[in-house]
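Overview (structure and organization)
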Amino acid sequence: MTDLIWLVPALPLAGAVALLLAGKPLRRIAGGLASLLVGASFVVSVLVLIDLLGVGAEERTVAVKIFDWISVGSFEAPVELRVDPLSMVMALTVTGVGFLIHVYSIDYMHGDPRYSRYFAYLNLFVAAMLTLVLANNLVLLYVGWEGVGLCSYLLIAFWFERRAAADAGKKAFIVTRIGDTAMLIGIFLAFSTTGSVRFDEVFGAAGGLASGTATAIALLLFAGAVGKSAQLPLHVWLPDAMEGPTPVSALIHAATMVTAGVYLVVRAHAIFEASEVALGVVAVVGIVTAVYAGLSAIGQDDLKRVLAYSTISQLGYMFLAAGVGAYAVAIFHLVAHAFFKALLFLSAGSVMHATDGVIDVTRLGGLRRRMPVTAASFAVGGLALAGIPLLVGFFSKDQILAAAYEAGRTGLWITGLVAAFITAIYITRAYLLTFEGEPRSELHPHESPALMSVPMAVLGVGAVLGGLLGASAQTGRVQRFLGPVVGEPEAHAAAGALSEVGLSVIASAVAVGGIALAWALYGSGRVDWQALRARFGGARRALSRGFYVDDAYGALLVTPGKAAASFSASVLDTRVVDGAVNGIGRAFVRLAGVGRRLQTGLVRTYALAFLLGAAALVLVLVVRT
Amino acid sequence: MRTPIAFFLVVSALLFTIGTVGVLVRRNALVIFMSIELQLNAVNLTLIAFSRQLGEVNGQVLAFFSMVVAAAEVVVGLAIIVAIFRRRVSANVDDINLLRW
């Protein structure tokens, strides 16, 4: 079965090609076809996984070469897929969550004028994402990396008639481009120092690299990850990306694409470990982003933007885990996050579907009675996100915090707890304002159709039971499965004063505390939160605008950039460039004005010139002989 | 007794000079044209005279070529002159300066 791995990205790609070429005739079955292909891809992944589980832990890395792609001198970049535990976990997450979201989209996008194209893009995205996670060399990985970026742009700007959506698409593309460029330079540097782009050779040579070179490569690759995974300071595109259709936000901007950066760091951990500072940078960027985005999430009124900032914050958590060396835990949190965040987004989409697009939590309220399934899904997702015991988020987040503590990074641990507290507050606030209390506007919501509810229910089950797969950092199934790739989890038995159980209790208490505080403010009815909003208007505005980072970029980069562009267009181009071209033209006209006086138009003048010329030639001949 | 070659050359030179002067000073296109024919024939005469003097046939062959070219030239040239005359009722070459700047 392992040889059939090429089918995994090929099936969605075939779907994308078919739907792009024959979107009109296939319109009626576009959603079904696209879902079926991704589902088939998932089935193939499962079969490959079963194969992989059948062999010993050390033989679980297989390279399947499909064809030669670039082969110049010593440079080899074949299209080669890598089947190993890490890539399989990613592939299963992508195809599994992707399949559910495809199914959900069938009803959600029903009646959209560009229905076929939507599924074509979605399939293309899945194909690109699978290329990214299955690639066995940096160049093919980069192809997938750019492919998902393209699909992200296409899908954010899917409703391009809306100015905001078109702008958000461009913003996402341009901001991630900054990171991508750095990453490309990192790939060049890796090739020039190790002589190869294949994972085995590059990462195998990582230990022998000079510390400065390793740091440079690691940080350049990390810059790519920062762009793609929306970490500070390149996070500004993700909240705006919510302009896209909600299932897209769920799939691309929560569950899969944005986690590519985490995958990259884990995949390339050998390089990060070869450097003294790189891992520290990863951890610090992660934790700062986690706290920053969590605080921003509290200030959002748009339900989807709450989730967007929450995604940024959770990605920060994953980078924190990777930064303290707990790679398997980072990936486990990635998988867990894919489940519960997709669930939250699909629930938010269900709300939007029911309220005709109203998503402002200050205008919602009391939706639980009308939409019990959606409310329950959101609650489960929210509790998992907050880290309530026995849900999947509890295990993954707890392990991250434990890893930070056991690595002796108490500062990171405490900050992580603060972030967890904030997480509990904002998600509880979002839930209470949306689903509880009295309706705050005249809406007549209704529960969503089955094709939307069922994927939500499946994800909900995943969010509840997912913990069984990775209940412990040392013995969890996912973590042990990933062991051969990312290094065996080490047992830090007594690195700190607190035992593992103690850490779990503290983390749970923090989560419960956050929920209780949010309930007291927004759910108990004893506090008038609207009065509170008005009183702390300045602070609320700062939070809701993400501490004005976007505005700062606007003032410092975008406005001068636009000024420079308009200077180039209206002054440099018209005066200097056009002026040079026109000036040369005018100079020749003037020169020709002198020369044309020779052309008298009198035939006899020409005849005389002819005669004199002939005579001169004869004279020359005579003189020379 | 054989006519010395100098006689031919003198006649030829005279004809050529008359032709050249005609081309330069006359304004009527037809006359210029005839003057050009005069020049061509002067050259032909020279060619044949040398051919005879040297006992070679090359000069005569070249003269034939020159006549053929002249005939072709006359065809085209006369057609142009006739066309211009029909249009402007004049064959004065000094008037034909439309393509001047």
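Cut-offs used in this document
- Residues numbered from 1 in each chain as written.
- Chains lettered and ligands numbered in written order.
- Predicted model: local features only at pLDDT ≥ 70, side-chain atom pairs only at ≥ 80, totals over all residues.
- Heavy atoms only, no water.
- Helix = DSSP H or I, 4+ residues; strand = E, 2+ residues; numbered from the N terminus.
- Rg over C-alpha atoms; globule rule 2.2 N^0.38 Å.
- Buried < 20%, exposed > 50% of the residue type's maximum accessible area, 1.4 Å probe, protein only.
- Contact = heavy atoms within 4.5 Å.
- Areas by Shrake-Rupley, 256 points an atom, 1.4 Å probe, with all protein chains shown as cover.
- Lys, Arg positive; Asp, Glu negative; His and termini not counted.
- Charge placed at Lys NZ, Arg CZ, Asp CG, Glu CD.
- Phe/Tyr/Trp six-rings, centres within 6.5 Å; stacked < 30°, edge-to-face > 60°.
- Lys NZ or Arg CZ within 6 Å of the ring centre and 35° of its normal.
- Salt bridge = Lys/Arg side-chain N within 4 Å of Asp/Glu carboxyl O.
- Polar contact = N/O pair within 3.5 Å; in protein donor to acceptor, adjacent residues only side chain to side chain.
- Nonpolar A, V, L, I, M, F, W, Y, C, P; charged D, E, K, R; others polar.
- Pairing = 2+ DSSP bridges.
- Patch = residues over 30% accessible without salt bridge, like charges linked within 9 Å, V, L, I, M, F, W, Y side chains within 5 Å.
- Axes fitted to C-alpha atoms, helices over the stretch in contact; angles between N-to-C directions.
- Parallel < 35°, antiparallel > 145°, perpendicular 65-115°, else oblique.
- Left-handed = near helix turned anticlockwise from the far one by under 90°.
- pLDDT = per-residue confidence, 0-100.

1. Comments concerning the overall build of chain B
The secondary structure content of chain B amounts to three helices and zero strands. The linear arrangement of helices and strands in chain B, starting from the amino end, is α-α-α. Taking 101 residues into account, the globule formula puts the C-alpha radius of gyration at 13 Å, and chain B, at 17 Å, lies well above it. Over its C-alpha atoms, taken along the principal directions, chain B stretches across nearly 55 × 25 × 25 Å. Within chain B, the fraction of its 101 residues that count as buried is 26%. Across chain B, the fraction of contacts at a sequence separation of at least 24, relative to all contacts at a separation of at least 6, is 59%.

2. Observations concerning the overall build of chain A
Helix and strand counts for chain A stand at 25 helices and two strands. If one aligns the C-alpha atoms of chain A with their principal axes, the spans along those axes are about 115 × 60 × 50 Å. A separation threshold of at least 6 residues defines the contact pool for chain A, and within that pool the share at least 24 residues apart is 80%. For chain A, the computed accessible surface area is about 25,400 Å², with 68% contributed by carbon and sulfur atoms. With 43 positive and 38 negative side-chain charges, chain A shows a separation of 13 Å between the mean positions of the two kinds.

3. Things to note about the packing of aromatic side chains
Residue and element names in this part refer to chain A. Under the defined criterion, the tally for this structure stands at 16 aromatic pairs over all chains. Taken together, a centroid distance of 5.2 Å and an interplanar angle of 85 degrees make the contact between Y118 and F119 edge-to-face. Residue classification places Y118 among the buried residues on the basis of a relative accessible area of 0%. Seen in terms of ring centroids, F378 and F435 are 5.4 Å apart; in terms of plane orientation they differ by 50 degrees. Their pairing is tilted. Of this pair, F378 sits in helix α16 (residues 372-386) while F435 is found in helix α18 (residues 410-435), placing the two residues 57 residues apart along the sequence. Exposure remark for F378: the relative accessible area of 0% places this residue in the buried category. Over the ring of F158 we find R114, and its NZ or CZ is 5.3 Å from the ring centre.

4. What about the pattern of salt bridges?
Residues and elements named next belong to chain A. Scanning the model with the defined rule gives 22 salt bridges over all chains in all. Ionic pairing is found between K65 and D68, a salt bridge with its closest N-O pair at 3.0 Å. On the basis of relative accessibility, which here comes to 45%, the residue K65 falls in the partly exposed class. What makes D68 partly exposed here is its relative accessible area of 49%. A salt bridge links K170 to D167; the nearest nitrogen and oxygen atoms lie 3.7 Å apart. With K170 and D167 both in helix α6 (residues 163-194) and three residues apart, the pair spans about one turn of that helix. Through salt bridges with shared partners, a single network forms among R82, D84, D200 and R267.

5. Quick word on the interface of chain A and chain B
Of the residues lining the interface, 11 residues belong to chain A; the matching set on chain B comes to 12 residues. The interface formed by chain A and chain B contains one salt bridge. In this structure, D94 of chain B and R604 of chain A form a salt bridge, with 2.5 Å as the shortest nitrogen-oxygen distance. Counting the contacts that link chain A with chain B gives one residue pair in polar contact (both at pLDDT 80 or more). Taken together, the residues of the side of chain A that touches chain B break down into five nonpolar, three polar and three charged.

6. Description of the pairing of strand β2 (residues 75-83) of chain A
Residues and elements named next belong to chain A. The buried fraction of β2 is high, at eight of nine residues. Across eight bridges, strand β1 (residues 62-72) lies against β2 in antiparallel orientation. Across the sheet, V72 pairs through a bridge with F75, a residue of β2. What sits between β1 and β2 in their antiparallel hairpin is a turn of two residues, with G73 showing a positive phi close to 55 degrees.

7. Side note on unusual backbone geometry
Residues and elements named next belong to chain A. Cis peptide bonds are those with omega within 30 degrees of zero, and the linkage from L232 to P233 qualifies with 0 degrees. Relative to the assigned elements, P233 resides in the loop between α8 (211-228) and α9 (237-240). Although it is not a glycine, A230 sits at a positive phi angle of roughly 55 degrees. Relative to the assigned elements, A230 resides in the loop between α8 and α9. The exposure class assigned to A230 is buried, which follows from its relative accessible area of 0%.

8. Looking at a nonpolar patch on the surface
Residues and elements named next belong to chain A. There is a patch of nonpolar side chains on the surface, built from M1, L4, W6, V43, L47, I50, I66, F67, W69 and V143 and spanning about 880 Å² of accessible area. For the nonpolar patch, the secondary structure elements donating two or more residues are α2 (30-53) and β1. One can find W69 in strand β1.

9. A closer look at the environment of L38 of chain B
Residues and elements named next belong to chain B. Looking at where L38 falls in the secondary structure, it is placed in helix α2 (residues 29-54). The exposure class assigned to L38 is partly exposed, which follows from its relative accessible area of 31%. Between the C-alpha atoms of L38 and L15, which are 23 residues apart in sequence, the distance is 6.4 Å. Not counting residues within four places of it along the chain, the set of residues in contact with L38 comprises L15, I18 and G19.

10. Topic: helix α20 (residues 477-486) of chain A
All names here are of chain A. Across the 10 residues of α20, seven count as buried, placing the element largely inside the fold. For α20, every residue scored as buried is listed here: V478, Q479, F481, L482, G483, V485 and V486. Lining the buried residues of α20 we find α2, α3 (85-108), α11 (260-267), α12 (269-274), α15 (327-355) and α17 (392-406).

11. Side note on the side chain of S508 of chain A
Inspection of the secondary structure puts S508 of chain A in helix α21 (residues 500-523). Apart from residues no more than four positions distant in its own chain, S508 of chain A is found in contact with P389 and F394 of chain A.

12. Digging into the packing of α15 of chain A against α20 of chain A
All names here are of chain A. Between α15 and α20, whose axes approach to 9 Å, the crossing angle comes to 130 degrees. Considering their axes alone, α15 and α20 lie oblique with respect to each other. Pair α15 / α20 crosses with right-handed handedness. Across the interface between the two elements, Y327, A328, I331 and F332 of α15 pack against V478, Q479, L482 and V486 of α20.

13. Overview of the side chain of S396 of chain A
With respect to the helices, strands and loops of the structure, S396 of chain A is situated in helix α17. What S396 of chain A contacts, discounting residues up to four positions off in sequence, is V329, F332, H333 and A336 of chain A.

14. Remarks on the environment of Y263 of chain A
Residue and element names in this part refer to chain A. Of note, Y263 is situated in helix α11. Since its relative accessible area comes to 0%, Y263 is described here as buried. Each C-alpha atom of the pair Y263 and A330 lies 8.7 Å from the other, and the pair is 67 residues apart in sequence. Polar contacts involving the side chain of Y263 include one to the main-chain carbonyl oxygen of V133, which spans 2.8 Å.

15. Examining the confidence of the model for chain B
Residues and elements named next belong to chain B. In this model, chain B carries a mean pLDDT of 90, and residues with pLDDT of at least 70 account for 98%. When the elements of chain B are averaged for pLDDT, helix α3 (residues 58-88) gives the smallest value, 91, and helix α1 (residues 5-25) the largest, 93. Both scores are given for the predicted complex: the pTM is 0.78, the ipTM 0.80.

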